[in-house]
Amino acid sequence: MSLDLLQPGILDLNSLRNVLIRLEDTIIFCIAERAQFHTNDLIYQPDGLGFKDGFSGTFLDWFLEQIETVHAKVRRYQSPDEYPFTKNIPAPILDALEYPSVLKPNNINVNDQIKSIYIDFVVPQICESGDDKNYGSAATRDIECLQALSRRIHYGKFVAESKFLDPKYHDTYVKLIKDHDRDAIMALLTNEQVEQKLLERLRKKAMIYGQDFEANTMNPLVQPQSGNVTDGRNVKINCDLVVELYRKHVIPLTKVVEVEYLMQRLD
Ligand SMILES: C=C(O[C@@H]1C=C(C(=O)O)C=C[C@H]1O)C(=O)O
């Protein structure tokens, strides 16, 4: 549960953007933690490790189900900024919390797409290919990455609600929603200046966080083939991966969430 949701003025667009900025740090660090291990492809292959309890799926899916089942029981997924990857989760054992009814109730969940992007695009680019048997550790880091990416992308619902309530654009959104004009809604909610500033900031963060501060410390984001030298210190980091992840996937998927949230806003 993010305490931001209990603060007054939580739908202030700048406050929401600040949450997204903070999540950049979380996502970069989660990626760095996963990069400590090899790809360990077996954990993403159905029955790759052979389950004794009859589970038919990947090790990552099994691990996700185990963790999300416990978290669901302590009402994690009743928070409007938390979305499970597991399809059937149990009801909480705790009484429901009274959340402010900020969002229009909806069932928008793009976690299947997030997981595919993460497995197909992120893992192969941040991890050394191979099997180091650290299946539990690798999957633990995977889940941290997936949860951070899911929170970030589904925050698009709050951003969309904020934009919808803005008196300057409210009537336009209402008309476009009634016209089912997804393309026009996408164009109206897009802020290219914010996106460009984000990508520039992200590259700087990735370079700073990925700096090899100790000559003999292998930094997991260090990619020898992509060396950049800055102020006398070798900064070798796959900054491109972090920037491309946002440019190609995180931002576009966040905007899909915004559009789909708005499309059901008047239901
Ligand atoms: C999140 C917003 O909506 C859109 C999506 C963005 C993103 O995913 O980073 C940034 C700007 C907008 O194009 C926003 O306006 O801040």
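See above for the structure.
All figures in this text were calculated on a predicted structure; none of them were measured in a lab.

Here is what the cut-offs are and how they apply
- Residues numbered from 1 in each chain as written.
- Predicted model: local features only at pLDDT ≥ 70, side-chain atom pairs only at ≥ 80, totals over all residues.
- Heavy atoms only, no water.
- Helix = DSSP H or I, 4+ residues; strand = E, 2+ residues; numbered from the N terminus.
- Buried < 20%, exposed > 50% of the residue type's maximum accessible area, 1.4 Å probe, protein only.
- Near = heavy atom within 4 Å.
- Areas by Shrake-Rupley, 256 points an atom, 1.4 Å probe, with all protein chains shown as cover.
- Nonpolar A, V, L, I, M, F, W, Y, C, P; charged D, E, K, R; others polar.

Caption draft 1: Region of the structure containing unusual backbone geometry. Of note in the backbone geometry, Asn 40 takes a positive phi value of approximately 50° without being a glycine. As for its position among the elements, Asn 40 is in the loop between helix H1 (13-34) and helix H2 (59-73). For Asn 40, a relative accessible area of 0% puts it in the buried group. Non-glycine residue Lys 133 carries a positive phi angle of around 70°. The topology assignment puts Lys 133 in the loop between helix H3 (111-126) and helix H4 (135-154).

Caption draft 2: Structural view of the site of the ligand. Around the ligand lies a shell of 15 residues, among which Arg 17, Arg 152, Lys 163, Glu 195 and Glu 258 are the nearest. Within the complex, the protein chains bury 99% of what would otherwise be the 360 Å² of accessible surface of the ligand. Sorting the residues of the shell around the ligand by element identifies H1, helix H5 (156-165), helix H8 (192-209) and helix H9 (239-263) as the ones contributing at least two each. No other element matches H9, which puts four residues into the shell around the ligand. For the shell around the ligand, the residue count by class is six nonpolar, three polar and six charged.

Fair warning: the whole summary comes from geometry, so function is off the table for now.
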